[in-house]
Amino acid sequence: KHGVLTRKSHADMDGKRTPRGRRGWKKFYAVLKGMILYLQKDEYKPDTDISEVDLKNAVRIHHALATCATDYSKRTNVLKLKTSDWRVFLLQAGSEEEMMSWIFRINLV
Ligand code: I3P
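Presented here is an overview of the structure given in this document. (Residues numbered from 1 in each chain as written. Predicted model: local features only at pLDDT ≥ 70, side-chain atom pairs only at ≥ 80, totals over all residues. Heavy atoms only, no water.)

### As for the overall build of the protein chain
Broken down by element type, the protein chain carries 2 helices and 7 strands. Helices and strands in the protein chain line up, N terminus first, as β-β-β-α-β-β-β-β-α. The C-alpha atoms of the protein chain give a radius of gyration of 13 Å, which matches the 13 Å a tight globule of 109 residues would have. In terms of its C-alpha atoms, the protein chain occupies a principal-axis envelope of roughly 40 × 30 × 25 Å. Looking at the protein chain residue by residue over its 109 residues, the buried ones come to 41%. The contacts of the protein chain with a sequence gap of at least 6 include a subset with a gap of at least 24, amounting to 45%. (Helix = DSSP H or I, 4+ residues; strand = E, 2+ residues; numbered from the N terminus. Rg over C-alpha atoms; globule rule 2.2 N^0.38 Å. Buried < 20%, exposed > 50% of the residue type's maximum accessible area, 1.4 Å probe, protein only. Contact = heavy atoms within 4.5 Å.)

Here it is as structure tokens:
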């Protein structure tokens with residue numbers, strides 16, 4: 001699955017609150033492949049190598065949990081992604097349908 005997702009980092013590894021300066025929203029082209037959610041700067045191109053920056057932004061979603069971010073009301077269609085190393089991301093999808101689809105696909109892994 002792939003599509004546009006806008007990301008906000010809420011907690012870093014071990015659940016520590018992401019510090020000011022790194023809490024902004026940033027738009028990515030997301031690609032879910034195997035157990036990894038790639039958050040790429042540019043649009044998905046098949047058969048191209050993933051850049052180092054894109055690898056850095058990749059999120060392992062094995063044992064991660066995606067839920068609807070009902071406690072976040074500043075933006076719509078936002079899902080909350082908790083990873084197994086206790087990072088927390090807010091991810092805004094383009095529509096409610098897209099958000100539900102990402103939640104379903106992430107939790108299926
Ligand atoms: C953050 C940025 C986010 C904001 C966050 C700020 O600043 O303005 O948009 O979250 O507020 O800290 P920076 O880019 O300097 O990290 P919201 O959009 O949810 O308000 P927060 O610290 O209350 O999460």
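### Some remarks on the nonpolar core
Residues Leu37, Val59, Ile61, Leu79, Leu81, Leu91 and Trp102 are the most contacted members of the largest nonpolar core, which totals 19 residues. Among the elements that line this core, the one with the most residues is helix H2 (residues 96-108), at 4 residues. (Core = buried A, V, L, I, M, F, W, Y, C linked by side-chain atoms within 4.5 Å.)

### Some points on the side chain of Asn57
One can find Asn57 in helix H1 (residues 52-57). Judged by its relative accessible area of 12%, Asn57 is buried. Contacts of Asn57, omitting those with residues within four sequence positions, involve Arg7, Phe28, Leu37 and Leu39.

### A closer look at the side chain of Thr18
Checked against the element boundaries, Thr18 lands in the loop between strand S1 (2-11) and strand S2 (25-33). The residues touching Thr18, leaving out its near neighbours within four places in the chain, are Ser9, His10, Ala11, Asp12 and Arg23.

### Looking at the pairing of S2
In terms of strand pairing, S1 meets S2 through 7 bridges, oriented antiparallel. If you follow Arg7 over to S2, its bridge partner there is Lys26. Across 5 bridges, the pairing between S2 and strand S3 (residues 36-40) is antiparallel. Bridging from a neighbouring strand, Val31 pairs with Tyr38 of S3. A loop of 2 residues connects S2 with S3, the two strands running antiparallel in sequence, and Gly34 in this loop sits at a positive phi of about 60 degrees. (Pairing = 2+ DSSP bridges.)

### Quick notes on the pattern of salt bridges
Here the idea is simple: oppositely charged side chains can pair when their charged atoms come close. What the rule picks out here adds up to 4 salt bridges. Across the pair Asp71 and Lys80 runs a salt bridge, and its minimum N-O distance is 3.0 Å. Note on Lys80: relative accessible area 17%, which makes it buried. Between Asp85 and Arg87 there is a salt bridge, and its shortest N-O distance comes to 3.5 Å. Taking the relative accessible area as the measure of exposure, Asp85 reaches 26% and is therefore partly exposed. (Salt bridge = Lys/Arg side-chain N within 4 Å of Asp/Glu carboxyl O.)

### Points about the site of the ligand
Surrounding the ligand, one finds Lys8, Arg17, Arg20, Gly21, Arg22, Arg23, Gly24, Trp25, Tyr72 and Lys74. Gly24 is positioned such that a nitrogen or oxygen atom in its backbone is 3.4 Å from an oxygen atom of the ligand. Contact between the ligand and Lys74: an oxygen atom at 2.6 Å from a side-chain N or O atom of the residue. Partitioned by chemical class, the residues of the shell around the ligand number 2 nonpolar, 2 polar and 6 charged. (Near = heavy atom within 4 Å. Polar contact = N/O pair within 3.5 Å; in protein donor to acceptor, adjacent residues only side chain to side chain. Nonpolar A, V, L, I, M, F, W, Y, C, P; charged D, E, K, R; others polar.)

### Some points on the sheet that holds S3
Strand order in the open sheet formed by 7 strands is S4-S3-S2-S1-S7-S6-S5, and the pairing between neighbours is antiparallel. The outermost strands of the open sheet, each flanked by one partner alone, are strand S4 (59-60) and strand S5 (65-68).

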